[in-house]
Amino acid sequence: MCAGVLRHHHQLPRPGRYFPAQTHLEKAFSWSAGDYANIELSFKVAYAVGMMGVGRVIDRLGTKTGYALSTLLWSLAAMGHALVSSTVGFSVARAFLGVTEAGNFPAAIKTTAEWFPQRERALATGIFNSGSNVGAILAPLTVPFIAAASANGWKWAFLITGGLGFIWLVLWYAYYEVPARHARLTKAEFDYIHSDVNDMAAVAVETQPKISWGQLLRVRQTYAFIFGKFLTDPIWWFYLFWLPDFLNKQYGLQNTAVALPVALVYILSSVGSIGGGWIPLRLIKGACPLSRPARFPC
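Each value, and the rule that gives it
- Residues numbered from 1 in each chain as written.
- Predicted model: local features only at pLDDT ≥ 70, side-chain atom pairs only at ≥ 80, totals over all residues.
- Heavy atoms only, no water.
- Helix = DSSP H or I, 4+ residues; strand = E, 2+ residues; numbered from the N terminus.
- Buried < 20%, exposed > 50% of the residue type's maximum accessible area, 1.4 Å probe, protein only.
- Contact = heavy atoms within 4.5 Å.
- Areas by Shrake-Rupley, 256 points an atom, 1.4 Å probe, with all protein chains shown as cover.
- Axes fitted to C-alpha atoms, helices over the stretch in contact; angles between N-to-C directions.
- Left-handed = near helix turned anticlockwise from the far one by under 90°.
- Nonpolar A, V, L, I, M, F, W, Y, C, P; charged D, E, K, R; others polar.
- Core = buried A, V, L, I, M, F, W, Y, C linked by side-chain atoms within 4.5 Å.
- Expected span 1.5 Å × (residues − 1).
- Salt bridge = Lys/Arg side-chain N within 4 Å of Asp/Glu carboxyl O.
- Bend = angle between axes of the 7 residues up to and from the residue.
- Phe/Tyr/Trp six-rings, centres within 6.5 Å; stacked < 30°, edge-to-face > 60°.
- Patch = residues over 30% accessible without salt bridge, like charges linked within 9 Å, V, L, I, M, F, W, Y side chains within 5 Å.

(A) Broad picture of the overall build of the chain. In terms of helices and strands, the chain carries twelve helices and zero strands. Reading the chain from its N terminus to its C terminus gives the helix and strand order α-α-α-α-α-α-α-α-α-α-α-α. For the chain, buried positions account for 42% of its 298 residues. If you take every contact in the chain between residues at least 6 apart in sequence, the share linking residues at least 24 apart comes to 75%. Entry remark: accessible area of the chain is about 16000 Å², with carbon and sulfur atoms responsible for 69%.

(B) Structural context of the packing of helix H3 (residues 33-61) against helix H6 (residues 104-115). It is at 8 Å that the axes of H3 and H6 come closest, and there the two elements cross at 35°. The handedness of the crossing between H3 and H6 is right-handed. Residues Tyr 47, Met 51, Val 54, Gly 55, Ile 58 and Asp 59 of H3 lie in contact with H6, whose contacting residues are Phe 105, Pro 106, Ala 107 and Lys 110. Of the residues belonging to the contact of H3 with H6, the class tally is seven nonpolar, one polar and two charged.

(C) Molecular detail of the nonpolar core. Formed by 32 residues in total, the largest nonpolar core has its most connected members in Tyr 67, Trp 237, Leu 240 and Tyr 266. Among the secondary structure elements, those contributing two or more residues to this core are H3, helix H4 (63-80), H6, helix H7 (118-147), helix H8 (153-175), helix H11 (220-251) and helix H12 (259-285). Element by element, the count of residues in this core is highest for H11, at six residues. Counting residues in hydrophobic clusters, the runner-up holds nine residues, among them Phe 29, Trp 31, Val 84 and Trp 154.

(D) Region of interest: H6. For H6, built from twelve residues, the straight-helix expectation of 16 Å at 1.5 Å per residue is met to within 8% by its first-to-last C-alpha distance of 17 Å. If you check which residues of H6 are buried, you get Asn 104, Ala 107, Ala 108, Lys 110, Thr 111, Thr 112 and Glu 114.

(E) Region of the structure containing the environment of Pro 179. Position of Pro 179 relative to the elements: it lies in the loop between H8 and helix H9 (187-193). With relative accessibility at 7%, the residue Pro 179 sits in the buried group. Along the sequence, Pro 179 and Phe 190 sit eleven residues apart, while their C-alpha atoms lie 6.6 Å from each other. Excluding residues that lie within four positions of it along the chain, Pro 179 makes contacts with Glu 114, Trp 115, Leu 185, Phe 190, Ile 193 and His 194.

(F) Focus on the pattern of salt bridges. Counted under the stated rule, the structure contains six salt bridges. Linking Asp 59 and Lys 110 is a salt bridge whose minimum nitrogen-to-oxygen distance equals 2.9 Å. Residue Asp 59 is located in helix H3, and its partner Lys 110 is located in helix H6; the two are separated by 51 residues in the primary sequence. Residues Glu 177 and Lys 64 are paired through a salt bridge, measuring 3.7 Å at the closest nitrogen-oxygen approach. Here Glu 177 is found in the loop between H8 and H9, whereas its partner Lys 64 is found in helix H4, with 113 residues between them in sequence. The pair Glu 177 / Lys 64 is uniform in exposure class, with both members buried.

(G) Region of interest: H11. Its 32 residues give H11 an end-to-end C-alpha distance of 43 Å, which sits within 8% of 46 Å, the value for a rise of 1.5 Å per residue. The axis of H11 is deflected most strongly, by about 70°, at Trp 242, and proline Pro 244 appears within four residues downstream. When H11 is considered as a whole, its buried residues turn out to be Thr 222, Trp 236, Trp 237, Leu 240, Phe 241, Leu 243, Pro 244, Asp 245, Leu 247 and Asn 248. Looking one or two residues beyond H11, the residue adopting positive phi is Gly 252, at roughly 70°.

(H) Structural context of the packing of aromatic side chains. Applying the stated criterion across every chain, the model contains 18 aromatic pairs. Centre to centre, the rings of Phe 238 and Phe 246 are 5.8 Å apart; their planes meet at 70°, and the pair counts as edge-to-face. Residue class for Phe 238 comes out partly exposed when judged on its relative accessible area of 32%. By the ring-pair criterion, three or more aromatic residues cluster together here, those being Tyr 67, Trp 115, Trp 168, Trp 172 and Tyr 176.

(I) Broad picture of the environment of Phe 29. Here Phe 29 lies in helix H2 (residues 20-29). Residues Phe 29 and Thr 87 lie 58 residues apart in sequence; the distance between their C-alpha atoms is 6.2 Å. In this view, Phe 29 contacts Val 84, Ser 85, Ser 86, Thr 87, Phe 90 and Trp 154; residues no more than four positions away in its chain are not counted.

(J) A look at the environment of Ile 279. Within the secondary structure, Ile 279 sits in helix H12. The sequence separation of Ile 279 and Ala 122 amounts to 157 residues, and the corresponding C-alpha distance is 8.6 Å.

(K) Main features of a nonpolar patch on the surface. Among the surface-exposed residues, Val 57, Leu 61, Leu 69, Leu 73, Leu 76 and Phe 96 lie close enough to one another that they form a single nonpolar patch of about 470 Å² accessible area. Of all the elements in the fold, those that place two or more residues in the nonpolar patch are H3 and H4. With three residues, the single largest contributor to the nonpolar patch is H4. With respect to the element layout, Val 57 can be found in helix H3.

Encoded structure:
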């Protein structure tokens, strides 16, 4: 959840309409709406490309090292925005941020699988995913004040928010460990984590055969997940990057008037994220098979 908060502190809403940090950027780089769209397109393309291979990297390195490496690189990428001096440079910085941020969700999902039994993973995923919404709420409440503090405030906004990732990185590497090697985990807790009927094989996940892209594409659940993301992600990215601009152009909301509706959207997203994880847990406790909660109640 903390990683999600930090991750969305680095995001860049539409310039010049609401957030003072982006007002400074628009003036400094003479951005048009098209320029901004291209900059964010570079982020999304790089993020999608990174997603294609980062999961394999996380599997090879393990969650502790893989998540730490991803956090290190995306924190550096966020801070690197302060070094650019052109629109092209900003596009490159956004692309690097996109590639490195791609490791967040695969590592978080695998961490959840390591520490929670199957019946509780949906709720755990909803909780950590809500961190992204918290970050999206905190960003407009903190970043604009940093950016407005001086002529180079927008640079400090990226340096400070990127630097926060190093604090989380130290805490992650100091305290996280997989259950099989965690010194403070009791046997009862370990057994509970792996209490699912078919889950004991996860204890020795390194011995399981690797799954190729071809094998994944022959599984129906793969297309169900792709279709779900196809429907929901465009809406999320619109909220994240274009909502303040939409509210300004459509309803004339400016400055602090935009804060409440934007915050409300992300608050409701957090409720939906956690609720969406709680409902499958409730259904599973009612003896509903694991494959059915995502489709319809038992």
